[in-house]
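# Residue-level structural notes
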Amino acid sequence: MQHIALGGIDYAILIIYFVFVLGIGWALRRVIRSSEDFFLSGRSIPAWIAGLAFISANLGAQEVIGMAASGAKYGIMTSHFYWVGAMPAMVFVGLFMMPFYYGSRARSVPEYLKLRFDEKTRGLNAITFAIMTIFSSGISMYALAKLFELVLGWSFHGSIVLSAVIVLIYIFLGGLTSAIYNEVLQFFLIVLGFLPLVLLGLKDVGGWNGLTAKLATVATNAGFEPGAWTHSWKYMDSPSHNPMGMEWFGLVMGLGFALSFGYWCTDFLVVQRAMAAGSMTAARRTPLIAAVPKMLMPMLVILPGMLAIGLHASRGGFLPIGSDGQPNYNLAIPMMLAHYLPSGLLGLGLTALMASFMSGMAGNVTAFNSVWTYDIYQTHIRPGQTDAHYLRVGHAATVFGIVASVLAAYSATRFNNILDMLQLVFSFVNGPLFATFLLGMFWRRTTGHGAFYGLLTGTITAALHYGLTLPRGAVPGIKGGFLGAVLHVYPSEMALNFWTALFAWTGCFVATLLISLFTKRTKTDEELRGLVHSLTPRIQEAQMPWYKRPVTLAVAILVVSTILNVIFW
Amino acid sequence: MRFPIGGMFTIFGAILTVYGVVSNPAIYGKSLGINVNLWWGLVLLVFGLVMLGFAYRAHRESKPNVTDSTSTP
C-alpha cells in the first residue's frame, strides 16, 4: 500500500497543535497546589467545559476509527450506539445518579462504593478498573501507531513515544484540569478537522440520496434488502434481515440498557469529568451538555465509513482488501482523508486523528491516577500521609500509568489473543456493575455483602453464558463456547455480546437482591444520607427558571434523539 | 479556556487561508475542484476570532472582580 505523502504545511499544523497542548499544561502548572487540584480540578470546572471534556474523553481513536469501520460494515444501524446506546443512559446519569456521586463528595466511583457499601466492593472495582484503563489506553496506542505506520509510513516506535511523552507532560504539569482543557481543544479540533471530509464526500456522491443509491448496491451485493444500510430500525424484525445480525429486543435491552447504562453511569473515565464540575447543577448538566454533541456525532464518525463503503462498491478498490478477503474497514477514515483532502486540510485531519487518540489516552491516565492514589494507595498501601505526599504519588502514577500503557501497547504486538481475552474478562466484570449501582442508589436495604457477591455472581453469569453459547460460524474458543457444550448459537458476535451483558446484569441484580435480604445491614440510615435516593433531601430547583433546569435539557435531548431515530427509520 | 481555542484556530485559519491563496490550484483536483484550504481556512479563522472575542469580553468582565480566582485561563 502506498503511503500518503505529507507536505511541510501538514507538519506545521501538527506541530502548532503540539505547542498548544503543551502550552496549556505549562500555563496550568501553577494552579496545582493540592491533590484535590490535581485529581479533581479543585471542583471548579464550568459545566460546558466539563461537558465537552466528558464527550471528548469518550471520543478516543478507537471510537473514531471503530465507528467509521462499523458505519462501513453495518451502515446507519451503527447509530444505535448513539441514539439508543448513549442518550438514555447519559440523561439518566445526569438527572438521577449525579446527585449521589457529586453530593456524596466521593472523589472517585470506587470511593462511592466504599461510602455506600464497604471496602471489599470498592477494592474489587478499583483494581479491575485500574488494570482495564491501562490496557485500553495501551490497545488504543497500539492501534493508532499501527495505523500511522500503515498509512503514513511513520515509525511504530516513534508514534508511540511521541504521543506518550506529550500526554505525559501535559498531565504531569496540570493534572485533571490540563487533561480537561486539552480535551475541549481536542473536541473542537476533531469536529472541525473531520467536517470538511464529510461535506466533500457527501457532495461527491450526490448528497444523502446519492449515498442511499450507492449503499443499495452494497446491500443487495451482500444479500440484503436495498435499504439495509440506510435504515436503522426497518430491518430489525429478524437478525437475518440486517448486516448487524441483531433483532430489536436484544439491541434495546442488551445495548440500550445493560451495556450502555453500565458504561455511561458507572465508568469513572467519564464520570470523573462531571465530578470535577463546579457545583451540583453543573455536575448534573455535564452529561446532558455532552449528550448534545454526542447525538450529532454519527454524522462525523459513522457517515465517513458509509461514504467509504459506498465509494468502494461503485468505484472499486477504495478500501484496501485485508488478509481475510474483506475490505479493511478500519482504514475508512484514513482513506477518506487521503482521497479528498489536499495538503493543508490533510494535516488538519490527521491532527484531528492524533487529537482523538490523545484525548482518549489522557482520559484513561487521569482516571487511573485518581483510582490508584485514592482507592488503592491511600486505602491499602500508605494511609494517613500528608496531602503533599499524595500529590507526589499522583505525579508518579502519571508516569507509571503511561509507561505501563506503552508496555501494554508493545505486548499487544506480541500477544494479540491475550489482550482480546483480557478485554473479554473486563466485559464480564463491567457488565453487571450497573445493577449494583441501581440497587445501591435506590434501595437502602442493599448490603455490602449483597453488592460484592452480587457483582461476582454477575461476572460468573457472564462467563458461563459466554462459555456456553457461540456466534454463528465461529469455532469454540475465544469467540465463545469454551466450556465444551454449546447451548445456543447467536446470529452474530454482536448479538452474543449484547446478550452476555444482559445476562450479567440480571445475574447481578437477582443475586444482590437475594443476598441483601438475607444479610444484615451494616450501614445505618444516617450513614446513607446523601448516598441513597430515599434518604437524600430533594434538590431544590424551584428558584431556577424552567429553561435552566437540567430536566428541561434532558427532555429536549430525548425528544430530539427520538426524532433522529424516526428520520433514519 | 476560550483563549487557547481561539488562538489555535485563528492561527490554523490564517495559515490555511494564505496557503489556499498561494498553493498550486492543481492540488484541488482531489477535493472536487474546490479550494478547500481557502474556504475552510476562512471558516476556522472566523471561528477562532469569535472565540477570542468571547475570551476578551469574559476577561474584561471578570477584571473588576479581583477575588474571582476561579476564572478560567
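The rules behind the values
- Residues numbered from 1 in each chain as written.
- Chains lettered and ligands numbered in written order.
- Predicted model: local features only at pLDDT ≥ 70, side-chain atom pairs only at ≥ 80, totals over all residues.
- Helix = DSSP H or I, 4+ residues; strand = E, 2+ residues; numbered from the N terminus.
- Buried ≥ 20, exposed ≤ 12 C-beta atoms within 10 Å, placed from the backbone.
- Contact = placed C-beta atoms within 7 Å.
- Nonpolar A, V, L, I, M, F, W, Y, C, P; charged D, E, K, R; others polar.
- Core = buried A, V, L, I, M, F, W, Y, C linked by C-beta atoms within 7 Å.
- Expected span 1.5 Å × (residues − 1).
- Bend = angle between axes of the 7 residues up to and from the residue.
- Axes fitted to C-alpha atoms, helices over the stretch in contact; angles between N-to-C directions.
- Parallel < 35°, antiparallel > 145°, perpendicular 65-115°, else oblique.

Attention now goes to the overall build of chain B. Assigned secondary structure in chain B consists of two helices and zero strands. Buried residues in chain B amount to 30% of all 73 residues. Contacts spanning at least 24 positions in sequence make up 71% of the contacts within chain B whose residues lie at least 6 apart.

The next thing to look at is the interface of chain B and chain A. Contact residues are listed per partner, giving 21 residues for chain B and 28 residues for chain A. For the side of chain B that touches chain A, the secondary structure elements donating two or more residues are helix 1 (2-22) and helix 2 (36-62) of chain B. The greatest single-element share of the side of chain B that touches chain A, amounting to eight residues, is contributed by helix 1 of chain B. Looking at side-chain class alone, the side of chain B that touches chain A contains 16 nonpolar, four polar and one charged residues.

Glancing now at the environment of Ala332 of chain A. All names here are of chain A. Inspection of the secondary structure assignment puts Ala332 in helix 14 (residues 332-340). Between the C-alpha atoms of Ala332 and Asp118, which are 214 residues apart in sequence, the distance is 47 Å. Once you skip the residues sitting within four places of it in the chain, Ala332 turns out to touch Ala68, Ala69, Ala72, Pro304, Gly305, Ala308 and Leu319.

Attention shifts here to the nonpolar core. Generally speaking, soluble globular proteins have nonpolar side chains that are buried together. Judged by nonpolar contacts, the single largest core of 219 residues is most densely connected at Ala50, Val167, Val184 and Ala332 of chain A. Considering each element in turn, this core owes the most residues, 24 residues, to helix 9 (residues 156-205) of chain A.

Once that is clear, we can look at helix 9 of chain A. Residues and elements named next belong to chain A. The terminal C-alpha atoms of helix 9 lie 35 Å apart, and with 50 residues this falls more than 12% below the ideal 74 Å at 1.5 Å per residue. The sharpest bend along helix 9 reaches about 125° and sits at Gly174. Of the residues trailing helix 9, Gly206 is marked for its positive phi of about 90°.

Take the packing of helix 7 (residues 109-116) of chain A against helix 8 (residues 119-152) of chain A next. All names here are of chain A. Running from amino to carboxyl end, helix 7 crosses helix 8 at an angle of 170°, the nearest separation of the two axes being 7 Å. For the element pair helix 7 / helix 8, the angle class is roughly antiparallel. Between helix 7 and helix 8, the residues in contact are Val109, Pro110, Glu111, Leu113 and Lys114 and Glu119, Thr121, Arg122, Asn125, Ala126 and Phe129, respectively. When grouped by side-chain class, the residues that make up the contact of helix 7 with helix 8 number five nonpolar, two polar and four charged.

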